[in-house]
Amino acid sequence: AQAPEGREARVLRARRVPRGRGITAARLRAVGVASARGTWLAWSVPVPHLRVARVNAGVSAAHRTMLNEAHSAEAGAALKTANRTYTCGDLRMANVGEQVTLSGWVQTARDMNHFAFVDVRDRYGITQVIFPKDGADEAGLKRYEASNKLGREFVIKVTGKVVERSNKNKNRPTGDIEVVADSLEVLSSSLTPPFKIEDETDAQEDTRMRYRYLDIRRNPIKEALLLRNRVTRVVRNYLGDREFVEVETPVLIKSTPEGARDFVVPSRMNPGQFYALPQSPQTFKQLLMVAGLDRYFQIVKCFRDEELRADRQPEFTQIDCEMSFVAQEDILNLFEGLIRYVFKEVIGHEFPPFQRMEFSEAMDRFGIDKPDLRFDMELVDITGCAKGRDFKIFDEAEIVVAMCCKGIADWSTKKIKELEKRATGQEVGASALVWVKYNKDGTFDCSAKKFFGDEQCKAWVEAANKKPGGCEPGDVLLILAGPKLKTQESMGKFRHLMGTDLGLRSQGFKALWVVNFPMLEWDEDEERYVAKHHPFTSPWSEDIEMMTSLDKKDPKLADVRANAYDMVINGVEVGGGSIRIHSRDLQEKVFEVLGFTKEEALKQFGFLMGAFEYGAPPHGGLAFGLDRLCTILGGKTTIRDYIAFPKNNMGRDTMIDTPSGITDAQLEELSIGVVLKDKAPAAAAGGSGGYPEQK
């Protein structure tokens, strides 16, 4: 859009637009842009909250300064309200002499006898306000006395003059100035908060969750939510520029037996029948491809009734995407571009091209399908040189694998033995651990030295030296044995735990794609093969005949490959997806392999297979876990920090005290009854849910 003649044009780097629709070179030169690299647009009106993008080398320094100053002024003007002229993070030396109005919360109030200081805080920062006593008139003395009655978290409105501070605070953006108050108004008083509203607080997590609205006032949580906001805005811009359509899909859907447990919702209008909350919009996004929308995305709430931990919540958010007429490579390239763009825009990190790794390679090298590539400690297969010594654990094992931990041979034997408990505990799940200390003097100490001498230990070290990082004096080999897949998985978990303990997982970013997962995995409880991802994932065409010709319990079914892929960053699966089945015939064959009868498949998924009869395009997609992605970007360990109102590890929201019972009248209206197998957790103490009674 060209700026009208005679008006100053604010030039910003635009999202990609067709050539010929940007600003002419002459107009760019007129506002200080020496050369146009790419396509530019101009706005002749203020654009509130628009972050000025990085300006390329063709823009003069003077113009760059003008852009930033213009943006700052526009953003400040947009935040001006009836109760403030500036935010508490705005004021600088350039504002000295101005009469301003600030509103916010009292962070601290200090009486210095001759004057009082009050730090006023809002989302944008903190400004120091001074209430003089010496030399003050009657009104000034009243303001001074009133400032001494202010408590933590009172909401106040202050008007005064900006002055330069004599004792500047270099740790605060507003630390060069202060405001001398001319008026003080208490907009809202506050009880004494149950914990300090500071970066480092004295509260336990349970207390913080119960008073989450206070916890959000703290910078770490506030910044986490603001980071999440930046991520979603960047994602929408990137996908919108590539013709993705944002479509909302239903929240009340049909329950299906596959996957995690559903959250179910009774239907009053259909007694005895239930909706389910979606674990993902999987079938709906496929139907949108059949409908011809070509490219879909949605930032969507999903629900799974599963055991919780630091990176799981019963309700979580996905960046859900689907595309038509694509192959695997198209999806990997486009969404690798998305994540590289997000990291660059949000935290300034630039990724190199992502590595591609086959699932089988990931398991053989790292024992896990989401390896952390920031450190070595690769698995070493020592099966061939570990058997034949009458050591039953090794001799009866399908595989024996070792892992080298660098520099821990000087740990005490007691500390090394504690690793045995950890390896056989719930986190790793191994049946036993054998360890070998390679001492700095070249000698060996082995937990199974009755069976293995120096010669065997040297052979294991030689095998480890063929891997990155090797095994040197001062290192320790940790060894597990058993069935191949289970042993690899246990060592993969152990590798991540040891990497964390040794401080190898705290810095930097490493990303990769893990591709071509098994289509099926054996379920011990149900004694059948189930879908490793979901039943709509397409097998590779070369493996379809093998999949359909084998017996449903044939172990070779584990070799059928899915056209599936996961994106992994720092050992965390941040996204995953697949090329989908788009043929009714193939979908029915997959259901049959999974043990569905034709009637069961038709009852559960007849709507999708029916849609395939009306011309379904080849399609595929993936979904990113927004909460996990934000956790990696922000360098935290729990997704709860990036969710405004999370649940605890029991799936409870202690702030609003839910889940909770409902009345008999509601139950009767829904035509359902409740039979308790276990006693429900007690509600919060007190008639008001444990919160202060109203005074």
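Note that the structure is predicted; figures quoted are calculated from it, not measured.

### Observations regarding the nonpolar core
One recurring pattern in soluble globular proteins is that nonpolar side chains are buried together. Ranked by internal contacts, the top residues of the largest apolar core, which has 40 residues, are Val231, Leu239, Phe335, Ile569 and Phe624. For this core, the elements supplying multiple residues, two or more each, are helix H6 (219-241), strand E12 (315-324), helix H8 (328-347), strand E19 (511-515), strand E22 (564-569), strand E23 (572-579), strand E24 (619-625) and helix H17 (626-634). Sort the elements by how many residues they give to this core and H8 lands first, with nine residues. For Phe335, the contacting residues outside a window of four places in its chain are Leu239, Phe244, Cys321, Met323, Trp513, Met567, Leu622 and Phe624. The next biggest cluster of nonpolar side chains, apart from the first, holds 36 residues, and it includes Met363, Ile581, Leu608 and Ala611.

### Some details on the pattern of salt bridges
Applying the stated criterion across every chain, the model contains 43 salt bridges. Between Arg374 and Asp372 there is a salt bridge, with its nearest N and O atoms 2.7 Å apart. Among the salt bridges present, the one from Glu588 reaches Arg584, with a minimum N-O distance of 3.0 Å. Highlighted residues: Glu588 and Arg584, both in helix H15 (residues 584-593), separated by four residues, approximately one helical turn. A relative accessible area of 35% means that Glu588 is categorised as partly exposed. Through salt bridges with shared partners, a single network forms among Arg208, Arg212, Asp215, Arg218, Lys636 and Asp641.

### A closer look at unusual backbone geometry
The omega angle of the peptide bond from Thr658 to Pro659 is 10°, so this bond is cis rather than trans. Tracing the backbone through its elements, the reader meets Pro659 in the loop between H17 and helix H18 (664-669). Even without being a glycine, Asn113 presents a positive backbone phi close to 80°. Tracing the chain through its elements places Asn113 in the loop between strand E3 (99-111) and strand E4 (115-122). Residue classification places Asn113 among the partly exposed positions, given a relative accessible area of 45%. One non-glycine residue, Glu527, adopts positive backbone phi at about 55°. Assessed through its relative accessible area of 48%, Glu527 is described here as partly exposed.

### Notes on the confidence of the model for the chain
Counting all residues, the mean pLDDT for the chain is 88, and 86% of those residues have values of 70 or more. Contacts from residues 1-23, a stretch scored under 50 in pLDDT, to residues over four places away or in other chains number 66 contacts. Long-range and interchain partners of residues 27-59, a stretch whose pLDDT sits below 50, account for 86 contacts in this model, where long-range means more than four residues apart.

### What about a negative patch on the surface?
Taken together, the side chains of Glu198, Asp199, Glu200 and Asp202 present a region of like negative charge at the surface. Take Glu200: it is sitting in the loop between strand E7 (177-188) and helix H4 (205-210).

### Quick word on the pairing of strand E11 (residues 295-303)
Judged from the two bridges that link them, strand E8 (residues 245-246) and E11 form a sheet pairing that is parallel. Residue pairing for E11: Glu246 is matched across the bridge by Phe297. As paired strands, E11 and E12 are joined by nine bridges and run antiparallel to one another. In the sheet register, Val300 faces E12, and the bridge partner there is Gln318.

### Quick notes on the packing of helix H11 (residues 413-423) against helix H13 (residues 484-501)
It is at 11 Å that the axes of H11 and H13 come closest, and there the two elements cross at 135°. The orientation of H11 relative to H13 falls into the category oblique. You can see that H11 and H13 cross each other, and the crossing is right-handed. Contacts between H11 and H13 involve Leu419, Arg422 and Ala423 from the former and Phe494, Leu497, Met498 and Asp501 from the latter. Class assignment of the residues belonging to the contact of H11 with H13 gives a composition of five nonpolar, no polar and two charged.

### Comments concerning the sheet that holds E23
Read across the sheet, eight strands follow the order E8-E11-E12-E24-E23-E22-E19-E13 without closing on themselves; strand pairing throughout is mixed. Strands with a single pairing partner mark the edges of an open sheet, and in this sheet they are E8 and strand E13 (355-358). Strand contacts of H6: E8, E11 and E12, with the helix running at about 150° to E11, the strand carrying the most contacts.

### Section: the sheet that holds strand E5 (residues 125-132)
Taken in spatial order, the five strands of this closed barrel run E3-E4-E5-E7-E6, and their pairing is mixed. Strand-to-strand twist in this sheet, taken as the mean axis angle between neighbours without regard to direction, amounts to 55°. Pairing analysis gives six bridges linking E3 to E4, with the strands arranged antiparallel. Looking across to E4, one finds that Val106 is bridged to Val120. In the packing of helix H3 (residues 138-147) onto the sheet, the strands contacted are E3, E4, E5 and E7, and the crossing angle to E7 comes to about 70°.

### A short note on the packing of H6 against H8
When two helices pack together, you describe them by how their axes are tilted relative to each other and by the distance separating the axes. Contact geometry for H6 and H8: axes closest at 10 Å, N-to-C directions at 140°. Judged by the angle between their axes, H6 and H8 are oblique. Note that H6 runs across H8; the crossing there is right-handed. The residues of H8 that touch H6, namely those facing Leu227, Arg230, Val231, Val234, Val235, Tyr238 and Leu239, are Leu334, Phe335, Gly337, Leu338, Tyr341, Val342, Glu345 and Val346. Here the contact of H6 with H8 is built from residues that sort into twelve nonpolar, one polar and two charged.

### Considerations on H17
A large share of H17 lies buried, amounting to seven of its nine residues. Buried within H17 we find Leu626, Asp627, Leu629, Cys630, Thr631, Ile632 and Leu633. Positive phi shows up at Gly635, right after H17, with a value of about 70°.

### Here we look at the pairing of E5
Successive residues of a regular strand alternate their side chains across the two faces of the sheet. Of all eight residues in E5, six are buried; the element is thus mostly enclosed. Alignment of E4 against E5, held across eight bridges, turns out to be antiparallel. Bridging across to E5, Asp122 finds its partner in Gly125. Where E5 meets E7, two bridges bridge the pair, whose relative direction is parallel. Considered in E7, the bridge of Ile130 is made with Val180.

### Thoughts on the packing of aromatic side chains
Inspection of the entire model under this criterion finds 24 aromatic pairs. A centroid spacing of 5.5 Å and a plane angle of 80° characterise the contact between Phe391 and Phe452, whose relative ring orientation is edge-to-face. A residue pair is termed long-range when its members are at least 10 positions apart, and Phe391 in the loop between strand E14 (380-381) and helix H10 (392-395) and Phe452 in the loop between strand E17 (444-446) and helix H12 (454-464) qualify at 61 residues. A single burial state applies to Phe391 and to Phe452, both of which are buried.

Scoring rules and cut-offs
Residues numbered from 1 in each chain as written. Predicted model: local features only at pLDDT ≥ 70, side-chain atom pairs only at ≥ 80, totals over all residues. Heavy atoms only, no water. Core = buried A, V, L, I, M, F, W, Y, C linked by side-chain atoms within 4.5 Å. Buried < 20%, exposed > 50% of the residue type's maximum accessible area, 1.4 Å probe, protein only. Helix = DSSP H or I, 4+ residues; strand = E, 2+ residues; numbered from the N terminus. Contact = heavy atoms within 4.5 Å. Salt bridge = Lys/Arg side-chain N within 4 Å of Asp/Glu carboxyl O. pLDDT = per-residue confidence, 0-100. Patch = residues over 30% accessible without salt bridge, like charges linked within 9 Å, V, L, I, M, F, W, Y side chains within 5 Å. Areas by Shrake-Rupley, 256 points an atom, 1.4 Å probe, with all protein chains shown as cover. Lys, Arg positive; Asp, Glu negative; His and termini not counted. Charge placed at Lys NZ, Arg CZ, Asp CG, Glu CD. Pairing = 2+ DSSP bridges. Axes fitted to C-alpha atoms, helices over the stretch in contact; angles between N-to-C directions. Parallel < 35°, antiparallel > 145°, perpendicular 65-115°, else oblique. Left-handed = near helix turned anticlockwise from the far one by under 90°. Nonpolar A, V, L, I, M, F, W, Y, C, P; charged D, E, K, R; others polar. Phe/Tyr/Trp six-rings, centres within 6.5 Å; stacked < 30°, edge-to-face > 60°.

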